[in-house]
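One letter stands for each residue in the lines below.
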Amino acid sequence: ARARTVVSVPRRLEFRSWGLDDAYVRSLCKTISAECTEIECVELSDNRLTSKSVEALVSLSTALASLKSLKLACNQLGPAGGWLVAELLEAKVALRELDLSGNLVGDRACQELFSAISLFSRGITDLRLAGNQIGQNDSIGESIAILLMDLKELQTLDLHWNQLHGVGGSSVCQGICTNNIDIGGQLKRVDLSWNKLGMRCGKQRQEATGQQPCSCN
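Residues numbered from 1 in each chain as written. Predicted model: local features only at pLDDT ≥ 70, side-chain atom pairs only at ≥ 80, totals over all residues. Heavy atoms only, no water.

### Some words on the pattern of salt bridges
- As enumerated under the stated definition, the model contains nine salt bridges in all.
- The salt bridge partner of Glu97 is Lys71, with a shortest N-O separation of 4.0 Å. Within this pair, whereas Glu97 is found in strand S4 (residues 97-99), its partner Lys71 is found in strand S3 (residues 69-71), the two being separated by 26 residues in sequence.
- Owing to a relative accessible area of 26%, Lys71 belongs among the partly exposed residues under this scheme.
- In this structure, the salt-bridge partner of Arg122 is Asp150, at a minimum N-O distance of 3.6 Å. (Salt bridge = Lys/Arg side-chain N within 4 Å of Asp/Glu carboxyl O. Helix = DSSP H or I, 4+ residues; strand = E, 2+ residues; numbered from the N terminus. Buried < 20%, exposed > 50% of the residue type's maximum accessible area, 1.4 Å probe, protein only.)

Take a look at the structure:
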């Protein structure tokens, strides 16, 4: 009988800044057998990938059962890519690190992503979502605050270069305090720079703080 060929798959798939496109990622995924369940890290940041590449990864959810780190920063995933990452987590992939920075994922996809993290990746320690147009709706701030109540092991939260502001921004700050004080969280690094958190005065300030607006112009 012909001997069975065993294909060795590395535990880390690292292709940062290779200029890869969706076709390459789809071909890569086709070479990985569903029987290979030891992949712990996928690093595909700074390429030319769209949601189609994430769809290819979702098709490998069985092979990615041991995945702990997923880095897809600085691609072109958009909202569809964010929804698909949530779908990957819903296949019971328990991540410790997730980096989707610079993908313009948006509020609605992030809300779905947060729900998936709360259910399947509560042990996450590093969450990076910079540059994703988060904060256009105030409700996303409350979603982040609720998420932080579930993530006791989170150490790094990067939300810089988004659109957090007003009531939503205030909710995020309150969520950070709750994580630290009420559940004994482990947050060590939080980046909220390049948002719109500064509330000078007016109705928005009054709603967020319960105080009367000042009279300055």
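Additional details are given in the paragraphs that follow.
### A word on the packing of helix H5 (residues 139-148) against helix H6 (residues 166-181)
- At a minimum axis distance of 7 Å, the contact between H5 and H6 shows a crossing angle of 5°. Judged by the angle between their axes, H5 and H6 are roughly parallel. Facing H5, whose interface residues are Gly141, Glu142, Ile144, Ala145 and Leu148, H6 presents Gly168, Ser171, Val172, Gly175, Ile176 and Asn179.
- Broken down by class, the residue content of the contact of H5 with H6 amounts to five nonpolar, five polar and one charged. (Axes fitted to C-alpha atoms, helices over the stretch in contact; angles between N-to-C directions. Parallel < 35°, antiparallel > 145°, perpendicular 65-115°, else oblique. Contact = heavy atoms within 4.5 Å. Nonpolar A, V, L, I, M, F, W, Y, C, P; charged D, E, K, R; others polar.)

### Overview of H5
- What H5 keeps buried is the set Ile140, Gly141, Ile144, Ala145, Leu147 and Leu148. Each buried residue of H5 lies within a common arc of 160° when the element is viewed along its axis, so the set occupies one face.
- Each element contacted by the buried residues of H5 is listed here: helix H4 (107-120), strand S5 (126-128), strand S6 (156-158) and H6. (Arc of directions from axis to C-beta.)

### Things to note about the packing of H4 against H5
- With their axes 10 Å apart at the nearest point, H4 and H5 run at an angle of 15° to one another. Judged by the inter-axis angle, H4 sits roughly parallel to H5. Relative to H5, the crossing made by H4 is left-handed. Two secondary-structure elements touch here, H4 through Asp107, Cys110, Gln111, Phe114, Ile117 and Ser118 and H5 through Ser139, Ile140, Ser143, Ile144 and Leu147.
- Residue composition of the contact of H4 with H5, by class: six nonpolar, four polar and one charged. (Left-handed = near helix turned anticlockwise from the far one by under 90°.)

### Quick look at the nonpolar core
- Leu70 and Leu98 are the most contacted members of the largest nonpolar core, which totals 55 residues.
- Broken down by element, the residue count for this core peaks at six residues, all from H4.
- Here Leu98 is in contact with Leu70, Val85, Leu113, Ile117, Ile124, Asp126, Leu127 and Arg128, once residues within four sequence places are set aside. (Core = buried A, V, L, I, M, F, W, Y, C linked by side-chain atoms within 4.5 Å.)

### Some words on the sheet that holds S4
- Spatial strand order, S1-S2-S3-S4-S5-S6-S7: seven strands in an open sheet with parallel pairing. If you trace the sheet from one side to the other, it starts and ends with strand S1 (12-14) and strand S7 (189-191), each paired once. On average, adjacent strands in this sheet sit at an angle of 5° to one another, irrespective of strand direction.
- Looking at chain direction, strand S2 (residues 41-43) and S3 are connected through three bridges and run parallel. For Val42, the partnering residue across the bridge sits in S3 and is Leu70. (Pairing = 2+ DSSP bridges.)

So far we have only geometry, and geometry alone does not tell us how the molecule works.
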